[in-house]
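Next come the chains, spelled out residue by residue.
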Amino acid sequence: MKNFILTIAVVISSITIAHAQVQPVDENGLAIGGYDVVAYFSNTAEKGSIRYTATYNGATYQFINAQNRDAFKKEPTRYLPQFDGYCAWGVAAKDSKFPINPETFDVIDGKLYLLFNGDFGGEQFNTAPLWNAETSKLKAAAHEKWPSVKNK
């Protein structure tokens, strides 16, 4: 019975973490919830390790291995998410800075776009389908709006 309860707790915890929203840089200076920004370019969202870190503009980035860390150190702006890591759909459609779910992303033309996917007002809300339905239009709008949204 004890093992069953522990298993249920782990499953619930995993589900909660998978849908947790994070600020692009948290109060401790950790960027993107500790996810490896280089790994996104291999089309995977992977949590980095405290063994492999790099600091850029005051934020600490974690990586899954030394190769990814070194690639980032060599060319950090190549791997940084657009819109300082805020939800691309939120910038484009709502002129706002929304937190992101590090596991919900898009890489287009060598650029990383992070998206919101989690609880919003007690309901599940995933911006990825909205982003995917009008990517070109929303991408252009987000880039146009970002200078004014950035200062909000």
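Residues numbered from 1 in each chain as written. Predicted model: local features only at pLDDT ≥ 70, side-chain atom pairs only at ≥ 80, totals over all residues. Heavy atoms only, no water.

J.: For this particular structure, what's the right way to read the overall build of the protein chain?
T.: If you tally the helices and strands in the protein chain, you get six helices and six strands. Beginning at the N terminus, the succession of helices and strands in the protein chain can be written as α-β-β-α-α-α-β-β-β-β-α-α. Taken over 152 residues, the protein chain has a buried fraction of 39%. The contacts in the protein chain between residues at least 6 apart in sequence include a share of 57% that link residues at least 24 apart. For the protein chain, the exposed surface amounts to about 8800 Å²; the carbon and sulfur share of it is 53%. (Helix = DSSP H or I, 4+ residues; strand = E, 2+ residues; numbered from the N terminus. Buried < 20%, exposed > 50% of the residue type's maximum accessible area, 1.4 Å probe, protein only. Contact = heavy atoms within 4.5 Å. Areas by Shrake-Rupley, 256 points an atom, 1.4 Å probe, with all protein chains shown as cover.)

J.: Even after reading the chapter, I still don't get the nonpolar core, so can you show me in this structure?
T.: As a rule of thumb, nonpolar side chains are buried together in soluble globular proteins. Ile 32, Val 37, Tyr 40, Tyr 61, Phe 63, Phe 72 and Trp 131 are the most contacted members of the largest nonpolar core, which totals 36 residues. Mapped onto this core, the elements with two or more residues apiece are strand 1 (49-56), strand 2 (59-63), helix 4 (88-94), strand 3 (101-108), strand 4 (111-115), helix 5 (128-133) and helix 6 (135-150). Sequence-distant contacts of Trp 131, defined by excluding residues within four places in its chain, comprise Ala 88, Trp 89, Asp 106, Ile 108, Tyr 113, Leu 115, Leu 138 and Lys 139. (Core = buried A, V, L, I, M, F, W, Y, C linked by side-chain atoms within 4.5 Å.)

J.: What should I look at first to understand the pattern of salt bridges in this one?
T.: Side chains that carry opposite charge are capable of pairing whenever their charged atoms lie near each other. Inspection of the entire model under this criterion finds five salt bridges. For Lys 145, the salt bridge goes to Asp 95, with nearest N and O atoms at 2.9 Å. Residue Lys 145 is located in helix 6, and its partner Asp 95 is located in the loop between helix 4 and strand 3; the two are separated by 50 residues in the primary sequence. Note on Lys 145: relative accessible area 27%, which makes it partly exposed. For Asp 95, a relative accessible area of 30% gives the class partly exposed. Here Lys 139 and Asp 109 are joined by a salt bridge, their closest N and O atoms 3.2 Å apart. Taken as a pair, Lys 139 in helix 6 and Asp 109 in the loop between strand 3 and strand 4 lie far apart in primary sequence, 30 residues in all. (Salt bridge = Lys/Arg side-chain N within 4 Å of Asp/Glu carboxyl O.)

J.: Explain the pairing of strand 2 here, please?
T.: Moving residue by residue along a regular strand, the side chains alternate between the two faces of the sheet. Burial within strand 2 is extensive, with four of its five residues counted as buried. The pairing of strand 1 with strand 2 spans five bridges and is antiparallel. Looking at strand 2, one finds that Thr 53 is bridged to Gln 62. (Pairing = 2+ DSSP bridges.)

J.: Just checking my understanding: could you explain helix 2 (residues 66-74) for this structure?
T.: The periodicity of an α-helix, 3.6 residues per turn, causes residues three or four positions apart to be oriented the same way. Within the sequence span of helix 2, burial applies to Asn 68, Arg 69 and Phe 72. The arc that holds the buried residues of helix 2, viewed along the axis, is 100°, so those residues lie on one side. In helix 2, the exposed positions angled more than 90 degrees off the buried face are occupied by Gln 67, Lys 73 and Lys 74. Elements that come into contact with the buried residues of helix 2 comprise strand 1, strand 2 and helix 3 (76-79). For helix 2, the capping residue at the N-terminal end is Asn 65, with a side-chain oxygen 3.2 Å from the backbone nitrogen of Gln 67. (Arc of directions from axis to C-beta. Polar contact = N/O pair within 3.5 Å; in protein donor to acceptor, adjacent residues only side chain to side chain.)

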